[in-house]
Amino acid sequence: MHPDLARADERIRRAERIDDADALALWEHATDDELSELATMARARFHSPGHATWVVMAILNYTNVCVARCDYCAFYKFPGEDGTYLLTFDELSRRIDTVLGLGGQLIGFNGGFHPDLTVDDYCTLFRQLHQKYGDRCAFYEMTIAEFMFVSKRSHLSYAESARRFAEAGTRWITGGGAEILTDAFRLRHSPGKYRVEDYYDAQRAVLDAGLGSTATMVIGFDESIDERIEHLSRLRRFQDEEGGRLASFLCWTYKPFHTELGGAEVSTREYLRHLALCRIYLDNIVNIRTSVLTRNQDAMLGLRFGANDFDLPTEDEVTQKAGATVSLDFEAILGAARRAGFVPTQREGYITRPPPPAPPPQAGEGR
Ligand code: SF4
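Residues numbered from 1 in each chain as written. Predicted model: local features only at pLDDT ≥ 70, side-chain atom pairs only at ≥ 80, totals over all residues.

### With respect to the overall build of the chain
A count of helices and strands for the chain gives 14 helices and 10 strands. In summary, the chain has a C-alpha radius of gyration of 20 Å against a globular reference of 21 Å for 367 residues, a match within 12%. Expressed along its principal axes, the backbone C-alpha trace of the chain runs to roughly 60 × 40 × 40 Å. The 367 residues of the chain split such that 48% are buried. A fraction of 81% describes how many contacts in the chain between residues 6 or more apart in sequence connect residues 24 or more apart. (Helix = DSSP H or I, 4+ residues; strand = E, 2+ residues; numbered from the N terminus. Rg over C-alpha atoms; globule rule 2.2 N^0.38 Å. Buried ≥ 20, exposed ≤ 12 C-beta atoms within 10 Å, placed from the backbone. Contact = placed C-beta atoms within 7 Å.)

Written out as structure tokens, the structure reads:
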């Protein structure tokens, strides 16, 4: 075994925290079987072996108007272009009703950076939605990226904006729109979106207002392994600083079709290896989720590479426009989970906000 890999392997087996050099060694030298075994070991510190949870959810894209111009996005239209839309409350309600009819329990909203929408507009919408649907479904009301944009547009601090959202009944502002959280990546591909420190300042304000949030990542653009590890490193530090308040981590893969950036999709093997690395590295995030939306049935193999939870998605125009395909044959996907050796159990709409995990020992500390 390569000496760097041997050191990383020993740390993981002792339940010690790995460092960036260990992560690189795992990526470069571990076999698929080794990564699967080590990730399964790390998963077992939080979850029963052989069990996984799932939820039916939709991501409803309420507007495709966006001024950010990310080069990896096939979804947006610039204001004034043909084909722009902004859904009304009634149109959104009809879409939600359709998802509920399919057994959906969780509705996420994700739209572009619409220059005419304000925090008050969103608050009005979220109040109406909670009034109409009550406990019939759970909502992921918006993403950190949208939150940052609308806060700035409304000339409000993140703290004030988060306070107003909380008052309007908002429960979750998820970590969507993170892609690769390094400033070099952001400058290359979406200079109009945000800088990394700004992203975490916004997420901290959201958590401080008592809202739930999550972590996300997307791989497969042109990012280097060092950038992937930088993303994980900053995220793990944030989760330490915040006492484990991020409820889950979801990684999916870039879909390159009809985008300005183009490129090719990463293989399932690369996705699974990365997922294993995430489970091992992110020792302070309890729930690691695998992406059916971008990997279809292959996502179930992610359960062998450290993931413990997944969505059965019914729609998401953003990824579908770039080449993702959605299947409503949920039984086929659950069958793939069983064939991978897991008992899949349906869960409540919201993934539980976990208690802060005990800080893991640093390398060299006790077992
Ligand atoms: S990824 Fe989001 S922020 Fe970027 S252009 Fe697309 S809709 Fe806009």
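### A few points about helix 5 (residues 119-133)
Helix length check: helix 5, at 15 residues, gives a terminal C-alpha distance of 21 Å against a target of 21 Å (1.5 Å per residue), a fit within 8%. All of the buried residues along helix 5 are Val119, Tyr122, Leu125 and Leu129. The buried side chains of helix 5 occupy one side of the element, clustering within an arc of 125 degrees when seen end-on. Considering only its buried residues, helix 5 is in contact with helix 4 (89-101), strand 3 (138-140), strand 4 (142-143), helix 6 (144-153) and helix 7 (158-167). Phi turns positive one or two residues past the end of helix 5, at glycine 134, with a value near 45 degrees. (Expected span 1.5 Å × (residues − 1). Arc of directions from axis to C-beta.)

### Notes on the site of the ligand
Close contacts around the ligand come from Cys66, Ala68, Arg69, Cys70, Cys73, Phe75, Tyr76, Gly112, Phe113, Ala145, Ser190 and Lys193, and that covers them all. Taken together, the residues of the shell around the ligand break down into 8 nonpolar, 2 polar and 2 charged. (Near = placed C-beta within 6 Å. Nonpolar A, V, L, I, M, F, W, Y, C, P; charged D, E, K, R; others polar.)

### Thoughts on the environment of serine 36
In this structure, serine 36 sits in helix 3 (residues 32-43). Each C-alpha atom of the pair serine 36 and cysteine 70 lies 34 Å from the other, and the pair is 34 residues apart in sequence. The residues contacting serine 36, other than those within four sequence positions of it, are Ala276, Arg304 and Phe305.

### A word on helix 14 (residues 330-339)
Along helix 14, the residues that are buried comprise Ile333, Leu334 and Ala337. Across the axial projection of helix 14, the buried residues extend over an arc of 95 degrees, all falling on one side. In helix 14, those exposed residues whose orientation departs by more than 90 degrees from the buried face are Glu331, Ala332, Arg338 and Arg339. As for helix 14, its buried residues are in contact with strand 1 (51-60), helix 12 (292-295), strand 9 (309-313) and strand 10 (343-346). Directly beyond the C-terminal end of helix 14, a positive phi value near 100 degrees is found at glycine 341.

### Observations regarding the environment of aspartate 9
With respect to the secondary-structure elements, aspartate 9 resides in helix 1 (residues 3-13). For aspartate 9, a count of 21 C-beta atoms within 10 Å puts it in the buried group. The spacing of aspartate 9 and lysine 193 is 184 residues in sequence and 38 Å in space, taken between C-alpha atoms. When neighbours within four sequence positions are excluded, aspartate 9 is seen to be in contact with Met1 and Leu38.

### Thoughts on the environment of phenylalanine 165
Note on placement: phenylalanine 165 falls in helix 7. Distance in space between the C-alpha atoms of phenylalanine 165 and glycine 50 is 38 Å, their sequence separation being 115 residues. In this view, phenylalanine 165 contacts Cys123, Thr170, Ile173 and Leu211; residues no more than four positions away in its chain are not counted.

### Overview of the pairing of strand 1
Burial runs high along strand 1: 8 of the 10 residues are buried. The pairing of strand 1 with strand 10 spans 4 bridges and is parallel. Across the sheet, threonine 53 pairs through a bridge with threonine 345, a residue of strand 10. Summarising the sheet, strand 1 and strand 9 pair through 5 bridges and their orientation is parallel. (Pairing = 2+ DSSP bridges.)

### What to know about the nonpolar core
Residues Ala276, Cys278 and Ile280 are the most contacted members of the largest nonpolar core, which totals 108 residues. Leaving out residues up to four positions away in the same chain, isoleucine 280 has contacts with Ile12, Ile18, Leu26, Leu38, Ala39, Ala42 and Gly306. (Core = buried A, V, L, I, M, F, W, Y, C linked by C-beta atoms within 7 Å.)

### So, the confidence of the model for the chain
For the chain, per-residue confidence averages 93 on the pLDDT scale, and 95% of positions sit at 70 or higher. Note that pLDDT drops below 50 for residues 354-361; the model gives that stretch 17 contacts with residues more than four away or on any other chain. Low pLDDT, under 50, characterises residues 363-367; the predicted model gives this stretch 8 contacts beyond four residues in sequence or across chains. (pLDDT = per-residue confidence, 0-100.)

### A word on the packing of helix 1 against helix 2 (residues 20-29)
Between helix 1 and helix 2, the shortest axis-to-axis distance is 8 Å and the interhelical angle comes to 115 degrees. One finds that helix 1 runs roughly perpendicular with respect to helix 2. At the point where helix 1 passes helix 2, the crossing takes the left-handed sense. Contacts from Asp4, Leu5, Arg7, Ala8 and Arg11 of helix 1 reach helix 2 at Ala21, Asp22, Ala25, Leu26 and His29. Classifying every residue of the contact of helix 1 with helix 2 by side-chain character gives 5 nonpolar, 1 polar and 4 charged. (Axes fitted to C-alpha atoms, helices over the stretch in contact; angles between N-to-C directions. Parallel < 35°, antiparallel > 145°, perpendicular 65-115°, else oblique. Left-handed = near helix turned anticlockwise from the far one by under 90°.)

### A closer look at the pairing of strand 6 (residues 215-219)
Summarising burial for strand 6: 5 of the 5 residues are buried, a large majority. Burial along strand 6 is two-sided: Ala215, Met217 and Ile219 and Thr216 and Val218, pointing in opposite directions, are all buried. Bridge analysis of strand 6 against strand 7 (residues 248-253) gives 5 bridges, and the strand direction is parallel. Within the sheet, the bridge partner assigned to isoleucine 219 lies in strand 7 and is threonine 253.

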